[in-house]
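Summary of the model geometry
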Amino acid sequence: MIFRAPGRVNLIGEHTDYNQGFVLPIALHLETRVEARPATGGVLQVHSASRREMKAWAVESIRHREPQHDWSDYVIGVARELIAAGFEIPALALHIESTIPEGAGLSSSAALEVATALALLQGREFDRLELARLCQRAESNFVGMPCGIMDQYVSIFASEHAALKIDCRSLESESVRLPDHVAILAVNSMVKHNLGQSAYRTRVRECAEAFRGSLRDATLDQIRGNKHARHVVTENQRVLSFVEAASAGDLTRMGELFLESHASMRDDYEISCAEIDFLVDTAKNIPGCYGARMTGGGFGGCTVNLVSPEYVPDFTRAILRAYPQAQVIECVPAGGASVCG
Ligand code: ADP
Ligand code: MG
């Protein structure tokens, strides 16, 4: 059987998920597929096509394994959480293929976790929200990245043709229809600065220390002078304003909010970098572009751009002229994880 889980591009609401705030991602047609076949000898065998690497473990040994600080931690992290939830891991040979660029801020990690979890479950019943939380725990506890719930949640719950507004406190979500007359383009800068992972951990810690309770409840007055906290507070408000603007079909306002969000990540949260700022500044001056911002954890990866559909070819050409190594990806909201048969 083959299990698929999509990557995502976050439209707005960056670094708000671990502060119990709001996010608005869409799932992508780019996805990770895990093919599962029965294996013999009580062994879990995993092959990653992109890594051209095969790993195998005795099923019995999985509960005692330590992180190896490589890609297999995502697989073993999920397996260990399933064991902790009372599930036996069957002897399987897993083959992983993905069309999501790794480390580009399009969440190849959550797609790998979710597709792996479905493959290891082999059709056994599991609550979908619990599955998202289980995959998030795998990434924070075993991989060691203290991520929020957005990536795993949208990879499971996304619906076609709509963005998903997630309340990361109540863990409820609603579909948000986007105006018809707009294209969403991700532009991959093809850079990822090493600072990213340590800075992410630092921001998570700082946010927890900035305010008693979660920043979701803080007012600007209460966190005065703390630029990092200010980003989280204003970004939450921008998600709500963006959803309103989308419902009203107000593309100009949606674009402005993208640019405000980017300025806030650059100046207040301090998670942008020169290449990304260049891509955003270039994009906003291209005809037909309503707005652009960095998407994902920061320090590289992708920008997300709102572009009038008839300008897409010109926009793409202009970006590639200014930044030839970029990869432009047209994003059409896809559905959440599923079994392909
Ligand atoms: P992102 O989620 O934005 O792509 P992350 O750093 O969170 O970036 O996750 C990327 C990591 O996930 C890779 O370095 C690798 O360890 C793992 N990964 C993702 N997809 C695959 C795959 N198809 N095969 C092996 N490892 C993968
Ligand atoms: Mg990730």
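Residues numbered from 1 in each chain as written. Chains lettered and ligands numbered in written order. Predicted model: local features only at pLDDT ≥ 70, side-chain atom pairs only at ≥ 80, totals over all residues. Heavy atoms only, no water.

The next point concerns the site of ligand 1. Near ligand 1 lie 17 residues; those nearest to it are Ser48, Gly103, Gly105, Ser108 and Ser109. The separation between an oxygen atom of ligand 1 and a polar main-chain atom of glycine 103 is 2.8 Å. The contact in question runs from an oxygen atom of ligand 1 to an N or O atom on the backbone of glycine 105, over 3.1 Å. When isolated, ligand 1 has an accessible area of 570 Å², and the protein chains bury 84% of it. Put simply, the parts of the chain that give the shell around ligand 1 at least two residues each are β5 (92-98) and α2 (108-121). (Near = heavy atom within 4 Å. Polar contact = N/O pair within 3.5 Å; in protein donor to acceptor, adjacent residues only side chain to side chain. Areas by Shrake-Rupley, 256 points an atom, 1.4 Å probe, with all protein chains shown as cover. Helix = DSSP H or I, 4+ residues; strand = E, 2+ residues; numbered from the N terminus.)

As far as domains go, the protein chain holds domain 1 (2-175) and domain 2 (177-331). Contacts between the two partners involve 38 residues from domain 1, matched on the other side by 41 residues from domain 2. For the pair domain 1 and domain 2, the number of links is three salt bridges. Residue aspartate 167 pairs with arginine 216 through a salt bridge whose shortest N-O separation is 2.9 Å. Linking domain 1 with domain 2 are 17 residue pairs in polar contact (both at pLDDT 80 or more). Put simply, the parts of the chain that give the side of domain 1 that touches domain 2 at least two residues each are β1 (2-12), β2 (22-38) and β6 (163-167). Here the side of domain 1 that touches domain 2 takes seven residues from β2, the largest share from any one element. When its residues are assigned to classes, the side of domain 1 that touches domain 2 shows 18 nonpolar, 14 polar and six charged. (Domains from an automatic or database assignment. Contact = heavy atoms within 4.5 Å. Salt bridge = Lys/Arg side-chain N within 4 Å of Asp/Glu carboxyl O. Nonpolar A, V, L, I, M, F, W, Y, C, P; charged D, E, K, R; others polar.)

Pairing is antiparallel in the open sheet, where four strands are placed in the order β9-β10-β8-β11. Every other strand in the sheet has two partners, leaving β9 (289-295) and β11 (327-331) as the edge strands with one partner each. Each strand of the sheet is rotated relative to its neighbour by a mean of 25 degrees, with strand direction disregarded. The pairing of strand β8 (residues 183-192) with β11 spans five bridges and is antiparallel. Paired with leucine 185 across the strands is glutamate 330, a residue of β11. This element, helix α7 (residues 251-268), spans β9 and β10 (300-307) of the sheet and lies at about 30 degrees to β9. (Pairing = 2+ DSSP bridges. Axes fitted to C-alpha atoms, helices over the stretch in contact; angles between N-to-C directions.)

Given a rise of 1.5 Å per residue, 14 residues ought to cover 20 Å, and the 20 Å separating the end C-alpha atoms of α2 matches this to within 8%. Counting buried residues in α2 gives 14 out of 14 residues, a clear majority hidden from the surface. (Expected span 1.5 Å × (residues − 1). Buried < 20%, exposed > 50% of the residue type's maximum accessible area, 1.4 Å probe, protein only.)

As a further point, take the pairing of β1. For β1, the tally of buried residues reaches ten of eleven residues, placing the bulk of the element in the interior. Taken together, the nine bridges between β1 and β2 define a ladder with antiparallel strand orientation. Its bridge partner being in β2, phenylalanine 3 is matched across the sheet by valine 34. Bridging between β1 and strand β12 (residues 338-339) involves two bridges; their strand directions are antiparallel. What sits directly across from phenylalanine 3, in β12, is valine 339.

Here we come to the pattern of salt bridges. Overall, the coordinates contain 24 salt bridges when judged by the stated rule. Across the pair arginine 8 and aspartate 151 runs a salt bridge whose closest N-O atoms are separated by 2.8 Å. Here aspartate 151 lies in helix α4 (residues 150-157) and arginine 8 lies in strand β1, a separation of 143 residues in the sequence. A relative accessible area of 5% means that arginine 8 is categorised as buried. Exposure remark for aspartate 151: the relative accessible area of 15% places this residue in the buried category. A salt bridge links lysine 55 to glutamate 53; the nearest nitrogen and oxygen atoms lie 3.7 Å apart. Linked through salt bridges whose partners overlap, the residues forming this network are Glu14, Glu235, Arg238 and Arg293.

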